[in-house]
Amino acid sequence: MNKYKVVIVDDDEVAIGKLSIELRKNPYFSLDGTARNGKQGEKLITKIQPDLLFLDVEMPDMTGLDLLHDLHDNISWGMRVVFYTAYEKYMIHAIRESVFDYLLKPFEGQELKNILMRFMAQMETEQKKIYFTGAAQALCGDRQKMARGRRDTGDSSGDTGAFRRDVCTAPGETRFG
């Protein structure tokens, strides 16, 4: 079973410890690294490419927001970020930065479980979209080959079906006719 890769970036050793213990209880997640400041976190995130990042907002060398801005152009995978902080005042920043979630220290185990369940549901939905897109592209490729063959031979029979017309319509193309 593939596990979701997790990284924690936080300067609070106790907070890292508690979150680590709770994450290890879930068989679908693998804690692949922790960092105690922003610079270490930047290197670790780039190296591990986690699926889920728990990020403290206030650290000695930079804020979590600064770290996200520094990494923005280098993140080419679908990493989700959970702000993990003791301060509610950063919640509006989290919303503006489109972070996945916000976990307030100290947290209750159920709060973390809810976040992890939402994360897994979202990842499953994305996987289905990727599968459907791949299947649609394969289907559209077949449709285009069939249409070329019919044009070349003058054959107008063998309609590829309404489903294929709907799925394979390119932007600006009509679905009728």
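For the structure itself, look to the data block above.
Values in this document were obtained by computation on a predicted structure and should not be read as measured data.

Caption draft 1: Structural detail: the packing of helix α2 (residues 38-48) against helix α3 (residues 64-71). Remark: α2 packs on α3, axes separated minimally by 10 Å, with the N-to-C direction vectors making an angle of 40°. As the angle between them shows, α2 and α3 are arranged oblique. Crossing geometry of α2 relative to α3 is assigned as right-handed. Residues G38, E42, I45 and T46 of α2 form the contact with α3, whose participating residues are L67, D70 and L71. Among the residues forming the contact of α2 with α3, the class breakdown is three nonpolar, two polar and two charged.

Caption draft 2: How the structure looks around the side chain of D56. Tracing the chain through its elements places D56 in the loop between β3 (52-55) and α3. With relative accessibility at 3%, the residue D56 sits in the buried group. Beyond its immediate chain neighbours, meaning those up to four positions away, D56 contacts V9, D10, D11, G64, Y84, T85 and K105.

Caption draft 3: Summary view of the sheet that holds strand β5 (residues 101-104). With parallel pairing, the five strands of this open sheet are ordered in space as β2-β1-β3-β4-β5. The outermost strands of the open sheet, each flanked by one partner alone, are β2 (29-35) and β5. Sheet twist, expressed as the average angle between the axes of neighbouring strands with direction ignored, equals 20°. Direction of pairing for strand β1 (residues 4-9) relative to β2: parallel, over a ladder of six bridges. Note on β2: the bridge partner recorded for I8 is T34.

Basis of the calculations
- Residues numbered from 1 in each chain as written.
- Predicted model: local features only at pLDDT ≥ 70, side-chain atom pairs only at ≥ 80, totals over all residues.
- Heavy atoms only, no water.
- Axes fitted to C-alpha atoms, helices over the stretch in contact; angles between N-to-C directions.
- Helix = DSSP H or I, 4+ residues; strand = E, 2+ residues; numbered from the N terminus.
- Parallel < 35°, antiparallel > 145°, perpendicular 65-115°, else oblique.
- Left-handed = near helix turned anticlockwise from the far one by under 90°.
- Contact = heavy atoms within 4.5 Å.
- Nonpolar A, V, L, I, M, F, W, Y, C, P; charged D, E, K, R; others polar.
- Buried < 20%, exposed > 50% of the residue type's maximum accessible area, 1.4 Å probe, protein only.
- Pairing = 2+ DSSP bridges.

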